[in-house]
Amino acid sequence: MMASGGGRRTLADELRLALADDIVRGLITPGAALDETELARRFGVSRTPVREAIRQLDASGLIEVRAHRGAVVARPSEERL
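This section reports on the structure supplied with the text. (Residues numbered from 1 in each chain as written. Predicted model: local features only at pLDDT ≥ 70, side-chain atom pairs only at ≥ 80, totals over all residues. Heavy atoms only, no water.)

1. Considering the nonpolar core
In terms of nonpolar packing, the biggest core is built from 17 residues, with I28, L34, L39, V50, I54, I63 and V73 touching the most fellow members. Contributing elements (two or more residues each) for this core: α1 (11-24), α2 (36-43), α3 (47-60) and β3 (70-73). Not counting residues within four places of it along the chain, the set of residues in contact with L39 comprises L19, L34, V50 and I54. (Core = buried A, V, L, I, M, F, W, Y, C linked by side-chain atoms within 4.5 Å. Buried < 20%, exposed > 50% of the residue type's maximum accessible area, 1.4 Å probe, protein only. Helix = DSSP H or I, 4+ residues; strand = E, 2+ residues; numbered from the N terminus. Contact = heavy atoms within 4.5 Å.)

2. Digging into the packing of α1 against α3
For the pair α1 and α3, interaxial distance at closest approach is 8 Å and the crossing angle is 55°. If you check the angle between α1 and α3, you find them oblique. The two elements α1 and α3 cross, and the hand of that crossing is right-handed. Each of L11, A12, D13, L15, R16, L19 and A20 in α1 lies in contact with α3, whose residues at this interface are P49, V50, E52, A53, Q56 and L57. Looking at the contact of α1 with α3, its residues break down into 9 nonpolar, 1 polar and 3 charged. (Axes fitted to C-alpha atoms, helices over the stretch in contact; angles between N-to-C directions. Parallel < 35°, antiparallel > 145°, perpendicular 65-115°, else oblique. Left-handed = near helix turned anticlockwise from the far one by under 90°. Nonpolar A, V, L, I, M, F, W, Y, C, P; charged D, E, K, R; others polar.)

3. Topic: the pairing of strand β2 (residues 63-66)
One ladder, built from 4 bridges, connects β2 with β3; its direction is antiparallel. Bridging across to β3, E64 finds its partner in V72. Where β2 folds back onto β3 in an antiparallel hairpin, the turn is made up of 3 residues, including H68, whose phi is positive at roughly 65°. (Pairing = 2+ DSSP bridges.)

This is a description of form; function is not addressed.
What follows is the structure in structure tokens.
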């Protein structure tokens with residue numbers, strides 16, 4: 001149930017924000033692979049919210065999901081920089 005006035009963040013939202021922060025600060029570099037199992041272990045969650053966070057980050061362009069190869073941090077184009 002979402003509260004009015006912005007609502008409550010989901011676990012996937014929290015993970016998305018943490019990962020986006022790590023990417024923007026350069027702690028996770030462009031081209032780095034994102035391993036769902038390792039991220040789930042790091043954050044102490046199941047892989048389900050990790051997958052959702054990865055989908056959200058893919059939609060935002062911060063990472064790229066490649067079929068059968070997993071997710072990697074996107075290399076920013078000159079336009080994005």
